[in-house]
Amino acid sequence: MKIAVIRQKFVNYGGAEQFVSGYANQLANMGHAIHIFANQWTPSNHPNIKIHSVRAIKRNSFLRVLSFAWFVLQSIRSESFDIIQSHERMWRQDVYRAGDGCHCEWLERRACYLPFMKKLFFRFNLFHQLILILEKRIFEKGECKKIIAISEMVKRDILKHYQLPEKRVEVVYNGVQLDRFNPSNRKPFRDEVRQQLIISDKEVMILFVGSGFERKGLEYLVKSVRYMKYKNWRLVLLGKGKWKKYLRFASKDDQKKITHLEPIDKIEKLYAAADFFVLPSIYEPFGNANLEALASGLPIITSRNCGAAEIITPKKEGIILEDPSDSKAIADAIDYLMDSKIREPMGQSARLLAEKFTHERNASEMLQIYQKLIEHK
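Position labels on residues start from 1 in each chain and follow its written sequence. Whole-chain, interface and lining totals are the exception, using all residues; otherwise, since this is a predicted model, local features are given only for residues with pLDDT of at least 70 and side-chain atom pairs are given and counted only at 80 or more. Where side-chain values are given, they derive from all heavy atoms of the structure, hydrogens and water being excluded.

K.L.:
What exactly am I supposed to notice about the nonpolar core here?
P.N.:
Here is a general trend for soluble globular proteins: nonpolar side chains tend to be buried in one another's company. By size, the foremost hydrophobic cluster in this structure holds 87 residues, and its most contacted members are Tyr 271, Phe 277 and Ile 334. Of the residues forming this core, the biggest block, six residues, is contributed by strand β10 (residues 204–209). With residues up to four places along the chain from it excluded, the contact list for Ile 334 reads Ile 206, Leu 221, Ser 224, Met 228, Phe 276, Val 278 and Ile 301. Ranked by size, the runner-up nonpolar core spans 23 residues in total, among them Phe 10, Ile 148, Ala 363 and Tyr 370. Put simply, buried Ala, Val, Leu, Ile, Met, Phe, Trp, Tyr and Cys residues joined by side-chain atoms within 4.5 Å make one nonpolar core. Any residue under 20% of the maximum accessible area for its type is buried, any over 50% is exposed, and the rest in between are partly exposed; the area is computed with a 1.4 Å probe on protein chains only. Helix and strand assignments come from DSSP, with helices taken as H or I runs of at least 4 residues and strands as E runs of at least 2, each series counted from the N terminus. Contacts are assigned to residue pairs with any non-hydrogen atoms lying within 4.5 Å of each other.

Dropping the structure here:
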C-alpha cells in the first residue's frame, strides 16, 4: 500500500510523536510505502519512508493549525494514495486517528479546574473554536471514512459530544517497542543514569514524563510531595514547559529533591533508572508514556481520566487515581509503591501486560481497517 501519514511533528521525543515514528517504521518494514507529511521532523533512513516538508505559519497556535491543514491539503493533492491517515485535525483524510482525544471533552474537563474568568476566555478563544470546528467536520460531516479512537474512553467521548454512527469509530490501542523499552535496560543503564542525577541506591526514583504540564497534572504531583510519609524519594520530571511555574508548588527543601530535564532521545535510559512511574493527567487519550513505563517493568500511577487506566488492574500493574487533582491521594499511592516488596512483583506484571500491546498488533489491526476501506472504494 501507498500510505500518507500526516503529523505536524515527526520527531523522536514526545509520546504521540514516538508512536507515529514507531508505527511508520513498522508499516515500512512490512513493505508498505509510507509518506510522512510534517512541518518538523527527524530524518529517516528507511528506504520505504519518504518525508514531505509542509509549511506552517507559526505566529500563534491558531495560524499554525489552520495553515498546516491548508498546506498539507495542497501537498497530498499532488499524488495519489491508497490511504490518507491524519493524526491532525484537517479537511480531508480517509482515516483520522484521534490520538489527541476529543477536544470538546478536554475543554469540558479542563473547565472543572479553572476559575470563572479563565473558563470564559477559553470558551471564546479562537484556537479552541478552530479545533472544535475541524473536529465537528471530521466527526459529523462524513469527510472522514473511519475514526480511530486509541481507547474506549476516547470513543465514548466522541460519541458523547458528536452525532455519528458508532460503527465509524473503532478502538485500536497504541503499541510500544518492547525491545527498546525493556527491563533488561536496567543492568547497563540504571547505575550510569543515577550517578549522573546524583541519586543513591537507597533513594526511590519516581519518574514523570510528559509535556503540556497542565493537562498532565504536574501541579498536583508536585503538590503531593508535602503529604508523603516516606522521605527517601527523588522525583525526576522530563518534559518541555515552564518549570518554575510548577516547582513553586513544592517547598524549598523538597525542590532540592526534584530534578527537571528537557526531552531526550534515549528516554529508555530514564525508565531503566526509575523505580516507578506517575502520570496524574486531567485528560489523557491513552498516555503512551504509561505504556513505555509498563514495558520497562515499572508499576504506574495514573488517573481514571487516562485511557491507559482501562487496561490496568489496580494494585497488579499499577494504581488508578479517581481524582487527579487530589494531591493527598497521589501521595498515598506513591507511599504504597515505596515498598520494594510491593512494587517489584507489580513491575513484573507490568511487563507482561505491555507485551500484549505491540507495534505489530497495532499495525495489523490498522491494515485490516485500511483493506476494508480500499475494498469499499
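K.L.:
Explain the pattern of salt bridges here, please?
P.N.:
Here the idea is simple: oppositely charged side chains can pair when their charged atoms come close. The salt bridge definition used is simple: a Lys or Arg side-chain nitrogen within 4 Å of an Asp or Glu carboxyl oxygen. Summed over all chains, the structure comprises 28 salt bridges. Across the salt bridge formed by Arg 89 and Glu 135, the nearest N and O atoms sit 3.3 Å from each other. Placement of the pair is Arg 89 in the loop between β6 (83–86) and β7 (95–98) and Glu 135 in helix α5 (residues 126–140), with a sequence separation of 46 residues. Here Asp 332 and Lys 328 are joined by a salt bridge, their closest N and O atoms 3.0 Å apart. Remark: Lys 328 and Asp 332 occur in helix α14 (residues 327–337); sequence separation between them is four residues, near one turn of the helix. Take Asp 332: its relative accessible area is 34%, and that puts it in the partly exposed class. Note on Lys 328: relative accessible area 39%, which makes it partly exposed. One continuous salt-bridge network, built from bridges that share partners, spans Glu 105, Glu 108, Arg 109, Asp 157 and Lys 160.

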